[in-house]
Amino acid sequence: MENQNPIVKWPYGLATMFVLVAAGAIELSIVNNLTIVDGVSVSATGDRMLSLIPDAELSAGARVVVKTKSTATEKFNPGTNMKGEVITGVAGKTQVVEYVYDGTAFIQTGKFIQID
């Protein structure tokens, strides 16, 4: 029998994906309600600072999930339009943190977690 109830994979469309540089400052324009920032494909070799620029049409509640991996104790620093803690890396480990847009800034929603 054919499935007549399709599964909704994400009600807001596909997530936007960005990859972080190994070190330095990066500025991203956020236009989607869900953005994934990949700091694992390119591990940190120096401190990183991420600034988020919300699109004029971005609604409160938009989410940005950041994954960062370090080669040593490099720091991930929230920059412009972000409020949250600095994350100090652990060699070879990945930390994940989420920010939610409140209409003015992206606010860290909880403590980061280490996933490996």
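What comes next concerns the included structure. (Residues numbered from 1 in each chain as written. Predicted model: local features only at pLDDT ≥ 70, side-chain atom pairs only at ≥ 80, totals over all residues. Heavy atoms only, no water.)

### Concerning the overall build of the protein chain
Thought 1: Regarding its fold elements, the protein chain presents 0 helices and 11 strands.
Thought 2: The secondary structure elements of the protein chain, listed N-terminal to C-terminal, are β-β-β-β-β-β-β-β-β-β-β.
Thought 3: The proportion of buried residues among the 116 residues of the protein chain is 36%.
Thought 4: Pairs at least 24 apart in sequence give 53% of the contacts found in the protein chain among residues at least 6 apart.
Thought 5: Per element, the accessible surface of the protein chain, about 6600 Å² overall, is 55% carbon and sulfur. (Helix = DSSP H or I, 4+ residues; strand = E, 2+ residues; numbered from the N terminus. Buried < 20%, exposed > 50% of the residue type's maximum accessible area, 1.4 Å probe, protein only. Contact = heavy atoms within 4.5 Å. Areas by Shrake-Rupley, 256 points an atom, 1.4 Å probe, with all protein chains shown as cover.)

### With respect to the pattern of salt bridges
Thought 1: Using the criterion set out here, one finds 1 salt bridge in the structure.
Thought 2: Notably, a salt bridge pairs glutamate 98 with arginine 63, separated by 2.5 Å at the nearest N-O pair. Taken together, the residues glutamate 98 in strand β9 (residues 94-101) and arginine 63 in strand β5 (residues 63-70) connect sequence positions 35 residues apart. (Salt bridge = Lys/Arg side-chain N within 4 Å of Asp/Glu carboxyl O.)

### Topic: the side chain of glutamate 74
Thought 1: With respect to the helices and strands, glutamate 74 occurs in the loop between β5 and β6 (75-78).
Thought 2: Notably, glutamate 74 is buried but unbridged: the nearest opposite-charge side chain belongs to arginine 48, and the N-O separation is 8.1 Å.
Thought 3: Those residues in contact with glutamate 74 that lie beyond four places of it in its chain are Ala44, Thr45, Gly46, Asp47, Ile87, Thr88 and Gly89. (Lys, Arg positive; Asp, Glu negative; His and termini not counted.)

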